[in-house]
Amino acid sequence: MARVDFIVLGAGIVGTSIALHLAKRGPSVALIDRGGAGEGTSYGNTGIIEGNTIFPQVFPSNWAALARIALKRAPEANYHLAFLPTVAPWLLAFRAASEPARVLETAQLMRPLFARAIAEHDVLVAEAGAERYIRRNGWLKLYRGDRSFEKQARELEMAASLGIANVPLDGEAAHALEPSLAPVFRHAVHWTGSVSVSNPLALTRAYAARFAAIGGITLSGDARSLHRAEPHWRVDTASGPVDASDVVVALGPWTPDLLDPLGIKLPLAVKRGYHRHFRARGNAALSRPILDAENGYCLTPMEQGIRLTTGAEFAARDAPPTPVQFDRLLPAARELFPLGDPVEAQPWMGSRPCFADSRPVIGRAPRQRGLWLAYGHGHWGLTLGPATGRLMAEMVTKATPFCDPKPYGAERFMH
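For clarity, every value in this text was computed on a predicted model and none was experimentally measured. (Residues numbered from 1 in each chain as written. Predicted model: local features only at pLDDT ≥ 70, side-chain atom pairs only at ≥ 80, totals over all residues. Heavy atoms only, no water.)

## Digging into the environment of Trp 372
Piece 1. Along the chain, Trp 372 turns up in strand β24 (residues 371-375).
Piece 2. Sequence-wise, Trp 372 and Val 8 are 364 residues apart; in three dimensions their C-alpha atoms are separated by 9.3 Å.
Piece 3. When near neighbours in sequence (up to four residues on either side) are disregarded, Trp 372 contacts Asp 246, Val 247, Val 248, Val 249, Gly 363, Arg 364, Ala 365, Met 392, Met 395 and Val 396.
Piece 4. Among the polar contacts listed, one links the side chain of Trp 372 to the side chain of Asp 246, at a separation of 2.9 Å. (Helix = DSSP H or I, 4+ residues; strand = E, 2+ residues; numbered from the N terminus. Contact = heavy atoms within 4.5 Å. Polar contact = N/O pair within 3.5 Å; in protein donor to acceptor, adjacent residues only side chain to side chain.)

## Quick word on the packing of helix α4 (residues 100-128) against helix α6 (residues 153-162)
Piece 1. Put simply, α4 and α6 touch, their axes get as near as 13 Å, and they point 35° apart. In the packing of α4 onto α6, the handedness of the crossing is right-handed. Contacts between α4 and α6 involve Pro 100, Leu 104, Ala 107 and Arg 111 from the former and Arg 154, Met 158 and Leu 162 from the latter.
Piece 2. A breakdown of the residues in the contact of α4 with α6 according to their chemical character gives five nonpolar, no polar and two charged. (Axes fitted to C-alpha atoms, helices over the stretch in contact; angles between N-to-C directions. Left-handed = near helix turned anticlockwise from the far one by under 90°. Nonpolar A, V, L, I, M, F, W, Y, C, P; charged D, E, K, R; others polar.)

## Describing the packing of helix α1 (residues 13-24) against α4
Piece 1. Two numbers describe how α1 lies on α4: the axes approach to 12 Å, and their chain directions differ by 70°. With respect to their mutual orientation, α1 and α4 come out roughly perpendicular. Residues Ser 17, Leu 20, His 21 and Lys 24 of α1 touch α4, and the partners they reach there are Glu 120, Val 123, Leu 124 and Glu 127.
Piece 2. For the contact of α1 with α4, the residue count by class is three nonpolar, two polar and three charged. (Parallel < 35°, antiparallel > 145°, perpendicular 65-115°, else oblique.)

## Notes on the nonpolar core
Piece 1. One finds Ile 18 and Leu 113 to be the most contacted residues of the largest nonpolar core, which totals 48 residues.
Piece 2. Among the elements of the structure, β2 (6-9), α1, β3 (29-33), α4, β10 (195-197), α8 (200-213), β24 and α11 (381-396) are those that each provide at least two residues to this core.
Piece 3. When residues in this core are grouped by element, the largest group, eight residues, is from α11.
Piece 4. Ignoring any residue separated from it by four or fewer positions in sequence, one finds Leu 113 in contact with Ile 362, Leu 384, Ala 387, Leu 391, Phe 402, Cys 403 and Tyr 408.
Piece 5. Leu 251, Leu 268, Phe 355 and Leu 371 belong to the second largest nonpolar core, which has 28 residues in total. (Core = buried A, V, L, I, M, F, W, Y, C linked by side-chain atoms within 4.5 Å. Buried < 20%, exposed > 50% of the residue type's maximum accessible area, 1.4 Å probe, protein only.)

## As for the pattern of salt bridges
Piece 1. Under the defined criterion, the tally for this structure stands at 22 salt bridges.
Piece 2. Here Glu 394 and Arg 25 are joined by a salt bridge, their closest N and O atoms 3.9 Å apart. Of this pair, Glu 394 sits in helix α11 while Arg 25 sits in the loop between α1 and β3; the two residues are 369 residues apart in sequence, bridging distant segments of the chain.
Piece 3. Owing to a relative accessible area of 36%, Arg 25 belongs among the partly exposed residues under this scheme.
Piece 4. In this structure, Arg 317 and Asp 257 form a salt bridge, with 3.0 Å as the shortest nitrogen-oxygen distance. Linking Arg 317 in the loop between β20 (312-314) and α10 (325-336) with Asp 257 in helix α9 (residues 255-259), this pair joins segments that are 60 residues apart in sequence.
Piece 5. Note on Asp 257: relative accessible area 29%, which makes it partly exposed.
Piece 6. In the salt-bridge network here, residues are joined through shared partners; they are Arg 25, Arg 116, Glu 120, Arg 390 and Glu 394. (Salt bridge = Lys/Arg side-chain N within 4 Å of Asp/Glu carboxyl O.)

Function-wise, these values are silent; they only describe arrangement.
So this is what it looks like as structure tokens:
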């Protein structure tokens, strides 16, 4: 029987960051996962640490976009028809949260976390010796037409008011930054203050190695074994049972598997997403991530190759993969950049844990003493992992939190 001060369940970027922040403060900490650090949802993303993010993703507001999605022609979204009745209440809540006033409110409530995102990564990157995975040259958002660029006026105005660095560019200036791009776009915005990651898996592993180096314990175990062994919580691991008075649940899309049996039912949905790495043709190269705004995909230079990421897919978390979005994306992506052959035989698929109001849950679990929750980061897990780690560690150890955690509390779903 082992006993520690804190157990963290889930070794993705969020859980690993929480465990590291807790261990830095002196307590004994066990990080428990069925797999290795960063091998789940955290493995697949654009690699952008989005300190510049202002507005959340929103429900499509025009009928043309909805029609394209409904007809399964949209590059930015796909769905399984049989799953729609299950996800319909969440989609309606997401649509309500996409009203302009609510979007502005979300932007303001999330700003404290985003404002600290890069700085908190920088602290852990320095401690973990992981600077080699970090690029500090921003990212480019490309607009093929004038109308799509004009729609971004509100975002650029808000960025100016918040002091978020960006440089609007014409197509020629953007092409000078990335000469391998074809001139199929008219406008771009260079978000110069952002950083990006060349290998998100390696970055999470570096944070996990730092956690181990300062005395953290990493164990293999199934989080669903969590149960009360008064006065503690207990988790069964390959090394035997582990007890702690406080447990942090950071299981991303698998969190409901643990919480539902405990009677904690929060309205989480998953947005599945895919990526695949491609070789570049000839001597073509990218030096930073690229977003094709009209077509809803990113191209990111990774150590494994050029990573092409898809938009969202609404389907059951554990349903077989249906990577049909690549067929819709590849013509536009290859028109923009000379992608060659795929590196892997099959695309990677993961599930992003999302609440309809585009805020994570960070704080105490309702009606369960000593249980804490940190999940539902949606598209922003990589970005907000270290900031969440610091905030959660401050809350659990009763230190003064660096920002007000109330907007992220599970209580907002308690009616």
